[in-house]
Amino acid sequence: MRTIFNLQILNVSCPANMTEATCPVRQYLQEQTVLRPTVNETLLEWDKAHEQQLSCVINTMLAKCAQCRGCK
């Protein structure tokens, strides 16, 4: 049996001056190796070999997004 749960990790309004090129989360996603964009670039899938690191990657993404938006 195969079960797949798709999670929406981020859905936020970015600061007015933010662009795709300057977004710290998008930059981080290009650097890390656990998640990768699918054909539909808004979807991500993870490398099962790095499954244990998945929570760290998600926590880092959320922290970078919160810092960018000025959340405490």
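For the structure itself, consult the block above.
Quick caveat: nothing in here was measured; it's all calculated off a predicted structure. What you see as residue numbers is a count from 1 along each chain, following the sequence as written. Totals for whole chains, interfaces and linings use every residue, but because this is a predicted model, local features are given only for residues with pLDDT of at least 70 and side-chain atom pairs only at 80 or more, for both listing and counting. To obtain the side-chain values, all non-hydrogen atoms of the structure were included, while hydrogens and water were left out.

What follows concerns the nonpolar core. We call a set of buried Ala, Val, Leu, Ile, Met, Phe, Trp, Tyr and Cys residues a nonpolar core when their side-chain atoms join them within 4.5 Å. Accessible area is worked out with a 1.4 Å probe on protein chains only. A residue is then buried under 20% of its type maximum, exposed over 50%, and partly exposed in between. Formed by Cys-23, Val-25, Tyr-28, Leu-29, Val-34, Leu-35, Leu-54, Val-57, Ile-58, Met-61 and Cys-65, the largest nonpolar core amounts to eleven residues. Elements with a contribution of two residues or more to this core: helix H1 (24-31) and helix H2 (54-69). For this core, the element with the most residues is H2, which contributes five residues. Whether two residues are in contact is decided by their heavy atoms: any pair within 4.5 Å suffices. Residues within four places of Tyr-28 in sequence aside, it is in contact with Val-57, Thr-60, Met-61 and Lys-64. Secondary structure follows DSSP: runs of H or I at least 4 residues long count as helices, runs of E at least 2 residues long count as strands, and numbering of each begins at the N terminus.

Let's shift gears to the side chain of Gln-32. Of note, Gln-32 is situated in the loop between H1 and strand S1 (35-37). With relative accessibility at 11%, the residue Gln-32 sits in the buried group.

The next subject is the packing of H1 against H2. Helix axes use the C-alpha atoms of the stretch in contact, all axes being lines fitted to C-alpha atoms, and the angles between their N-to-C directions lie in the range 0 to 180 degrees. At a closest axis distance of 8 Å, the pairing of H1 and H2 adopts a crossing angle of 155°. When the axis of H1 is compared with that of H2, the two are roughly antiparallel. Considering only the axes of H1 and H2, their crossing is right-handed. When H1 is examined against H2, the residues Pro-24, Val-25, Tyr-28 and Leu-29 are found in contact with a partner set consisting of Val-57, Thr-60, Met-61, Lys-64, Cys-65 and Cys-68. Angle categories are assigned with fixed cut-offs, so that under 35 degrees is roughly parallel, over 145 is roughly antiparallel, 65 to 115 is roughly perpendicular, and the rest are oblique. By definition, turning the near helix anticlockwise from the far helix through less than a right angle yields a left-handed crossing, and turning it clockwise yields a right-handed one.

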